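Coordinate analysis (summary)
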Amino acid sequence: MGTPQIEEPKSEFTCPACGRPLYDRRHLNCGYCGKAIPPEMLLTQAQADEIDKELAADQKRQQEVVKRIDALGPHIYGKYRI
Ligand SMILES: [Zn+2]
């Protein structure tokens, strides 16, 4: 057994000026150095909308899971009480 390796997600998009990862490609300027991001590295409006939709769907799924766990909660605790 070795040390568990934690893989850091690498962004393939980095600021050409300072080299830091672009945390939001919808911003026209780098969040670190403020330099303008080349248009070809920015998301199109359609791509941005797509990401927003996915995030919203993700959030909804998470809320559903939480709701389901909440609904199961008392039942589970009652059944497996030590
Ligand atoms: Zn930068």
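Relevant structure appears above.
Because the structure is a prediction, the values reported are computed rather than measured. Each chain has its residues counted from 1, running along the sequence as written. Local features are withheld for residues below a pLDDT of 70 in this predicted model, meaning they are given only at 70 or higher, and side-chain atom pairs are given and counted only at 80 or more; totals for whole chains, interfaces and linings count all residues.

A few points about the overall build of the protein
Stated formally: Strands are runs of DSSP state E lasting at least two residues, helices are runs of H or I lasting at least four, and both sets are numbered from the N terminus onward. In this scheme every C-beta is placed from the backbone, and a residue whose C-beta has 20 or more other C-beta atoms within 10 Å is buried, one with 12 or fewer is exposed, and one in between is partly exposed. C-beta atoms are placed from the backbone for every residue, and two residues are taken to be in contact when these atoms lie within 7 Å.
Each helix and strand in the protein was counted, giving 1 helix and 0 strands. A total of 82 residues make up the protein; the buried ones form 5% of that total. Partitioning the intrachain contacts of the protein with sequence separation of at least 6 by distance along the chain shows that 3% fall at a separation of at least 24.

Structural notes on the environment of Gly-34
Assignment of secondary structure puts Gly-34 in the segment before helix 1 (45-79). For Gly-34, a count of 10 C-beta atoms within 10 Å puts it in the exposed group.

Spatial relationships are all this shows, so hold off on functional conclusions.
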